[in-house]
Amino acid sequence: MECHSVKAETVTAEKKVALVGNPNVGKSALFYALTGKYATISNYPGTTVDIAVAKLGDLEIIDTPGMHSLVPVTGEEEVARKLLEEADLVVHVVDAKNIRRALPFTLQLIEAGFNTILVLNLVDEAEKFGIFINEKLLEERLGIPVLKTVATEKRGVGRLKDEIRKRIGLKPEKKRLIRFSPQVEKVVSEVEGLIEGEYSISKRGLAILLLLKDSVSLEAVKREKNYPQILEKVSKSNLLPYEIMREIYENAERILDGVIEERDVESSIARKIGILALNPLFGIPLTILSLAFIYLLAGILGAQILVDLIETWFEENVNTAVNTFLEQNIPNYWLRELIGGEYGIITLGIRYAIAIIFPIVTTFFIAFSLLEDSGILPRTAYLLDGIFKKIGMSGRAVIPLLLGTGCGTMAVIVTRILETWRERVIATILLAVGIPCSAQLGVMLGIAPDFRAMMIWISVVTAVLLIAGFISSRVIPGERAVFFMEIPPIRVPRPENVFYKTVSRLEWYFKEVLPIFVLISVLIWIGRITTAFDIIVSALSVPVSAIGLPPKASEVFLYGFFRRDYGAAGLFDISSEGLLSYGQVVVAMVTLTLFVPCIAQFSIICKERGIKQGIAVFLLSVAIAFTAGYATAVMMGVV
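Keep in mind that what you see is a predicted model, and the values were worked out from it rather than measured.

Thoughts on the nonpolar core
- The biggest cluster of nonpolar side chains holds 103 residues, and the ones touching the most others in it are Phe364, Met393, Leu549 and Leu571.
- Per-element tally for this core: the top contributor is helix H15 (residues 345-374), with twelve residues.
- For leucine 549, the contacting residues outside a window of four places in its chain are Val544, Phe557, Leu580, Gln584, Val587 and Ala588.

Below you can see the structure in the form of C-alpha cells.
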C-alpha cells in the first residue's frame, strides 16, 4: 500500500466521505443515521477487510474499520488509512466522554492536511458522566467544524449533513496546530525539507509519520531522490516514537484547556453496572450469562429448534416436490441427481443454506447485535483477554469459538471480528480441528457407550485443542493480538439498531455465502459421476485400519467431510450394527471429531483465509485427527 498516490479523477468519480474513529464510538450508527439505508458490504480490493458503503445524495459515505492513529497497527487499520487517503472529506467520529484520548488523532488528521470534520458522538452519555464540552471554543481552536451528535437518536445529524455538503468541495487550509519542542521541531523540519514529491498527506504530516516509524510512509518515500538522506535522518534520530506522541498528547491537552467542564453528577444504575462488569467478581458471571445467551439463541433456538422445524418442512415439501417433478419429467438419472436426489443443488445446496445455516446465522446476528448494542460484548472480551492471550488471541475470540459449537461454517465467517490475521488463522485452526458443531455434538453424545467413554472423548479433544492453540501461537508469524477498544456505556439496546445491524449482515450472507453451497452440490455431483468417491474411500481405508477401525468406517469419514452430522450418523449406524467394540467406538469418536471440517466450512475457510491456507488447515486436520486417534487406540488397547 502506498500513501503517495494522488486521488484519480474519472468521469464517473463520486465524492467520498470517510467516517473514521476508534471501534465502539458509534460510527456504524452514524453511518445509518446519515444514509438512512442499509450498507453495501464488500471487501476492500486485495484484502478480506469489510467496508460498508452507502449514498447520501450524490456522495459516497464509507464506514471504515476502526483505527486509533494514522500509524496502522493491524491490517484493518491499513485499509482504513488507505480509505482516508482516497476520501474527499474525513468525518472523525469520537466518543465525547473520551475526547482527551481521541483528540491527538484529530490533530494528526489536521496536520496531515485532511479535509476534516470532528463529530462528538454519544454526547448524552458524556453528560451523564458529568463531562460537558464547549464545542464552539474547540471549533475556534482547531479551525475545523466541531459538531455534537447522538447518532442513535439522529440528534445533530441534520446539521452534520449540511456541514458535509458545505465542506465537501473545499480545499483545507494548511494548519500547524501541533507545537513541538525545539528539539523535535528541528528534526521534523529537516525531514520535511527532504521530501520533494506530491502526496495525499502533507509533507509535514508525512515527516511526522516517518519519525513515528510508520512502515506505510517509509514505503511511500522510497521513490524520493533524497530517500537515503530521509532514511538516515529517520533511523539515526535520537527521537523515539513515544516522545513524539507524548508531545502530540500534550498539545491536545493544551487545546482542550477550558473546553471541558467536569461536573459532579449522580451515578446512574447503568453506569454502576458498567463499572461492576469490568470487575472479575461481577463481570465473569455476567460473561458466562452473555455466552450462554448467545449459545441459547444461536446454538439451541437457531441450530436445533429452528433448523429442525425448517429442515423438516423443506424436506417434506420442497425436496419431495422437486424429486417428484424430476422423476416425472427428467429421464436422465445424473441430470436428476444434479438438481435433486440426496446431494442436488436444491435438495442439498439450497436446503443447507436456507434450512440449516440461515436460522443459525439470523439468531446469532440478533444475539450478537443485542450484546454489542448493550455494551456487554466489549466487557466480555476485556475480561477474557488474559486467558486467550496465552494461545495467541484476544478476548474477542470467545465469540467465534463459542459459535463453532453451533455451526463451524458460520463461526469461520465470524472470525472477521478478530483484529489481526494471526488471530483469525489460529481461531480457524481451532474451529477446523476440534470444535464439533451442534449437529455432530448431539449425535456424538448419543453414540458414547457410557459416561466414561464420553469423558475420555471430551478430555482428548480438549487436550488437542489446547496443544494446537499453544503451538499455533508460537509458530504462526504476525503481530501479536492487540486489545485496545473504547468501552461503551451499558445501555438498553435500541430495536432499530439491532434490526439494522442484523439485516445488513444477512444481506451480506445471501450475496456471498449462498453461491458457495450451490457450488458444493455441483462438486459432489462431479465426484459421484467420476467415481472419485470410491478412490477416496479406498485411500482412507489405510489410516482408518492403522487406528484399529474396520474398513467400512472409511465411508464414515468421507460422509463427515460433506456434513459432520452425516459422518456421525454413519458412525452411529455401524456402531448399532455391532461392528465396533467399546474401545473402537471411543477411537472413532475422537478421530471423527478432529477430522477435517465439513465441505461447507472448508469452502468458507478457503474464501476467508485463501486456498493455500485452506488446504494447509485441511491437511493439518487430517494429521492431527489420525495422530490423536492412534494415541487413543493405544490407550484403549485397540492396536
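A short note on helix H6 (residues 157-167)
- All of the buried residues along H6 are Val157, Leu160, Glu163, Ile164 and Arg167. One side of H6 holds all its buried residues, which, seen down the axis, span an arc of 115 degrees.
- Buried residues along H6 sit in contact with strand S1 (15-20), helix H1 (27-35), strand S4 (59-63), strand S5 (89-95), strand S6 (116-121) and strand S8 (146-148).

Regarding the packing of aromatic side chains
- In the structure shown here, the tally under the stated rule is seven aromatic pairs.
- Judged by centre distance (5.0 Å) and plane angle (75 degrees), the rings of tyrosine 333 and tryptophan 334 are edge-to-face.
- Exposure remark for tyrosine 333: the relative accessible area of 38% places this residue in the partly exposed category.
- What links up through ring pairs into an aromatic cluster is the set Phe557, Phe595 and Phe626.
- Over the aromatic face of phenylalanine 132 sits the side chain of arginine 263, whose NZ or CZ is 3.8 Å from the ring centroid.

Quick notes on H1
- In terms of burial, H1 is a largely internal element, seven of the nine residues being buried.
- If you check which residues of H1 are buried, you get Lys27, Ala29, Leu30, Phe31, Ala33, Leu34 and Thr35.
- Downstream of H1 by a residue or two, glycine 36 has a phi angle that is positive, lying close to 65 degrees.

Observations regarding the pattern of salt bridges
- Applying the stated rule across the entire model yields 21 salt bridges.
- For the salt bridge of glutamate 153 with arginine 155, the shortest nitrogen-to-oxygen distance reads 3.0 Å.
- On the basis of relative accessibility, which here comes to 41%, the residue arginine 155 falls in the partly exposed class.
- Here glutamate 315 ties to arginine 351 by a salt bridge, and the two come within 3.5 Å at their closest N and O atoms. Residue glutamate 315 is located in helix H13 (residues 280-329), and its partner arginine 351 is located in helix H15; the two are separated by 36 residues in the primary sequence.

Remarks on the UniProt feature "binding site: Mg(2+)" (unreviewed entry) in the protein chain
- When the UniProt feature table is mapped to this numbering, "binding site: Mg(2+)" (unreviewed entry) covers Ala33, Thr35 and Gly36.
- For threonine 35, the location among the structural elements is in helix H1.
- If near-sequence neighbours (up to four positions away) are discounted, threonine 35 is found in contact with Ala54, Lys55 and Ile61.
- There is a polar contact of 2.9 Å between the side chain of threonine 35 and the backbone oxygen of phenylalanine 31.
- Mapped onto the elements, glycine 36 comes out in the loop between H1 and strand S2 (40-43).

About the criteria used
- Residue numbers here run from 1 along each chain, matching the order of that chain's written sequence.
- With pLDDT at 70 or above as the cut-off, local features in this predicted model cover only qualifying residues; side-chain atom pairs require 80 or more to be listed or tallied, and sums for whole chains, interfaces and linings still use all residues.
- Computation of side-chain values covers all heavy atoms of the structure but excludes hydrogens and water.
- Take the buried Ala, Val, Leu, Ile, Met, Phe, Trp, Tyr and Cys residues and link them wherever side-chain atoms come within 4.5 Å; each set so joined is a nonpolar core.
- Each residue is placed in one exposure class: buried if its accessible area under a 1.4 Å probe, protein chains only, is under 20% of its type's maximum, exposed if it is over 50%, and partly exposed if it falls in between.
- Only DSSP runs of H or I with at least four residues qualify as helices, and only runs of E with at least two residues qualify as strands; both kinds are numbered from the N terminus onward.
- Any two residues having at least one pair of non-hydrogen atoms within 4.5 Å are treated as being in contact.
- For this quantity, the arc is that covered by the directions from the helix axis to the C-beta atoms.
- Between the rings of Phe, Tyr and Trp (Trp by its six-membered ring), a pair exists once the centres lie within 6.5 Å; its type follows the angle of the planes, with under 30 degrees stacked, over 60 edge-to-face, and the other angles tilted.
- Comment: the charge-over-ring label is applied if NZ (Lys) or CZ (Arg) is within 6 Å of the ring centre and within 35 degrees of the ring normal.
- Salt bridge, as used here, is a side-chain nitrogen of Lys or Arg placed within 4 Å of a carboxyl oxygen of Asp or Glu.
- UniProt positions are given in the numbering used here, feature names are shortened, and annotations may be inferred rather than shown by experiment.
- Contacts described as polar in this section are N or O atom pairs within 3.5 Å, which, within protein, must combine one atom able to donate a hydrogen with one able to accept it, while residues neighboring in sequence count only if both atoms come from side chains.

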